[in-house]
Amino acid sequence: MADKVAKLAKQISTFAKSHGGAEAQVAYLGQRGARIVLVGEDGGWGDLVAPTYEIAEQAVAKSGVTAHESFDGEFAAKVKTGPYEWKRMAGIQIGG
């Protein structure tokens, strides 16, 4: 477990360094584990999947980034989307 926490924390830290800092939110995915959503200070975003919610929380804490309880408000507003995301979202709505 400690190895997985360390690996995820390193990935989170690397993301944060390449985006001028970052913030995170952990979301429970059921049996699949937990999703760590990362938002960089530059608006870039990404995610990681941890095998358990506990491992995800520990990795975020170890990485030193700010953790949010939910993905909304000012935190969500930091995400910058481009043409790819808008096309993808529209494709989902129309069955693409």
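Parameters and conventions
The residue numbers shown here count from 1 along each chain, following its written sequence. This being a predicted model, a pLDDT of at least 70 is required before a residue's local features are given, and a value of 80 or more before pairs of side-chain atoms are given or counted; all residues contribute to the totals for chains, interfaces and linings. Note that the side-chain values use all heavy atoms of the structure and ignore hydrogens as well as water. Only buried Ala, Val, Leu, Ile, Met, Phe, Trp, Tyr and Cys residues count toward a nonpolar core, and they belong to the same one when joined by side-chain atoms within 4.5 Å. Any residue under 20% of the maximum accessible area for its type is buried, any over 50% is exposed, and the rest in between are partly exposed; the area is computed with a 1.4 Å probe on protein chains only. Helix numbering and strand numbering both begin at the N terminus, where a helix is a DSSP run of H or I of at least 4 residues and a strand a DSSP run of E of at least 2. Only heavy atoms enter the contact rule, under which two residues are in contact if any of them lie within 4.5 Å. Pairing between strands requires that DSSP locate at least two bridges from one strand to the other. Angular values range over 0 to 180 degrees, each being the angle between N-to-C directions of two axes fitted as lines to C-alpha atoms, with helices fitted over their stretch in contact.

1. Points about the nonpolar core
Step number 1: Core analysis: the largest hydrophobic core is formed by 18 residues, its most contacted members being I12, I36, L38, V60 and V65.
Step number 2: Secondary-structure elements contributing two or more residues to this core are α1 (2–18), β1 (22–28), β2 (34–40), β3 (45–50) and α2 (53–63).
Step number 3: With five residues, α1 is the single largest residue contributor to this core.
Step number 4: When sequence neighbours within four positions are dropped, the list of residues in contact with V65 reads I12, A16, A22, E23, A24 and V60.

2. Details of the sheet that holds β3
Step number 1: An order of β3-β2-β1-β4 is seen for the four strands of this open sheet, with the pairing classed as mixed. Looking at which strands have only one partner, the edges of the open sheet turn out to be β3 and β4 (66–68). Put simply, the sheet's adjacent strands are angled 25° from each other on average, direction ignored.
Step number 2: With respect to the sheet, α1 is in contact with β1, β2 and β3, its orientation differing from that of β3 by roughly 180°.
Step number 3: Its contacts with the sheet put α2 on β1, β2, β3 and β4, and the angle it makes with β1 is roughly 170°.

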